[in-house]
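Listed below are the residues making up each chain.
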Amino acid sequence: MASTPDDAGAPEAPDATAAPHSQTLSRGIRVLEALADADRPLTIVELAASLGVHRSIVYRILRTLEDHGLVVRNPAGAALLGPRMATLARAVSRDLQSAAVPELGAVANELGMTAFLAVLDRGEVVTLVSIEPSHAQAAVAQRPGSRHPITTGAPGIALQSALTEAQWGELPDGHPREEAMEARGRGFATSHDEVIPGLASVAVPLVIHGQPLAALAVVYVANGRDVAAIGARLGRAAATVAGELR
């Protein structure tokens, strides 16, 4: 069929798969990731070494990030994440976090353990929010934004247990841990001395349509606690959260 003048003059839709990536944007994101992973401010020299680029490039990236409040620098000139990052982070999976926080608080106080919500992000487990027990003399800290591979830790095993066979094939090593099948059968996963030496964790998957694949978990100093009872309590919390979002 002959094309109309409108058809002939219309530009072709861009092919998203063929579009080039923005190197500058990628470097900016890598700077933010480096600052998030660090437990202290980082100098321009350290960031340049981390990215494998000249210091002048890092300096320009930091200036732009500072303009948007995503990065601030201390009196010595070292960079750290700025207050705007906290605002952005609160918007990530807002509904999921809002529904999970009351249950995390209840679990933390009932069990006397730090409870947290984690999500799957490109093969890694990322903590979105954590709550420490309010009356404990000492509690294990689980920093929001911390991440580790899906191949380690109870939250990672719990997430693996909720994946399909096709999704398993996309894992870093191409297959799930044997513990993931055990966790699928009993409803919860456990780990000991995997992410942090001396600490144990129990986790359950949280699968909700329209939300990222997530897990509810607790972390505590390994002390022979009844993991089945912990898993059951987390399972009830996950069911409540899922019910809130349906």
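Residue positions within a chain follow its written sequence, with the count starting from 1. Predicted model: local features are reported for residues with pLDDT of at least 70 only, side-chain atom pairs are reported and counted for 80 or more only, and whole-chain, interface and lining totals are derived from all residues. Hydrogens and water molecules were not included; the side-chain quantities draw on all heavy atoms of the structure.

(A) Quick look at the environment of N223. Of note, N223 is situated in the loop between β8 (214–221) and α10 (227–245). In the structure, N223 is positioned 24 residues away from L199 in sequence and 9.0 Å away in space, judged by C-alpha atoms. Put simply, DSSP H or I for four residues or longer makes a helix, DSSP E for two residues or longer makes a strand, and each gets a number counted from the N terminus.

(B) Region of interest: the pairing of strand β4 (residues 124–131). Strands are treated as partners if at least two bridges between them are detected by DSSP. Note that strand β3 (residues 114–121) and β4 share 7 bridges and pair antiparallel. Residue pairing for β4: L120 is matched across the bridge by V125. Joining the antiparallel neighbours β3 and β4 is a turn of 2 residues, in which R122 adopts a positive phi near 50°. As paired elements, β4 and strand β5 (residues 147–149) share 3 bridges and run antiparallel to each other. Note on β5: the bridge partner recorded for E124 is P149.

(C) Representation of the sheet that holds β5 within the structure. Read across the open sheet, the 6 strands follow the order β5-β4-β3-β8-β7-β6; overall the sheet is antiparallel. Two strands in the sheet have a free side with no partner beyond their single neighbour: β5 and β6 (189–192). Going from strand to strand, the sheet's axes swing by 30° on average, the running direction of each strand aside. By definition, residues are in contact when any of their heavy atoms lie within 4.5 Å. Between N-to-C directions, angles span 0 to 180 degrees; the directions come from axes that are lines fitted to C-alpha atoms, helices contributing only their stretch in contact. Packing against the sheet, α10 makes contact with β6, β7 (199–206) and β8, and its axis sits at approximately 35° to β7.

(D) Representation of the packing of aromatic side chains within the structure. Two aromatic rings from Phe, Tyr or Trp, using only the six-membered ring of Trp, form a pair when their centres are within 6.5 Å; if the ring planes differ by under 30 degrees the pair is stacked, by over 60 it is edge-to-face, and anything between is tilted. A complete count under the given rule lists 0 aromatic pairs for this structure. Just above the ring of F188 sits the side chain of R186; from NZ or CZ to the centre is 4.6 Å. Here, over-ring charges are defined by two tests on the NZ atom of lysine or the CZ atom of arginine: distance to the ring centre within 6 Å, and angle to the ring normal within 35 degrees.

(E) Up close: the pattern of salt bridges. Salt bridges are identified by distance alone: a Lys or Arg side-chain nitrogen within 4 Å of an Asp or Glu carboxyl oxygen. Counting across every chain of the model gives 7 salt bridges. Close ionic contact of R233 with E110 constitutes a salt bridge, the shortest N to O distance being 2.7 Å. With R233 in helix α10 and E110 in helix α6 (residues 94–111), the pair connects residues that are 123 residues apart, well separated along the chain. Burial classification: accessible surface area is computed with a 1.4 Å probe over protein chains only, and a residue below 20% of its type maximum counts as buried, one above 50% as exposed, and the rest as partly exposed. Assessed through its relative accessible area of 9%, R233 is described here as buried. Residue classification places E110 among the exposed residues on the basis of a relative accessible area of 52%. Residue R147 pairs with E124 through a salt bridge whose shortest N-O separation is 2.6 Å. A residue pair is termed long-range when its members are at least 10 positions apart, and R147 in strand β5 and E124 in strand β4 qualify at 23 residues. A network of salt bridges, in which partner residues are shared, links D121, E124 and R147.

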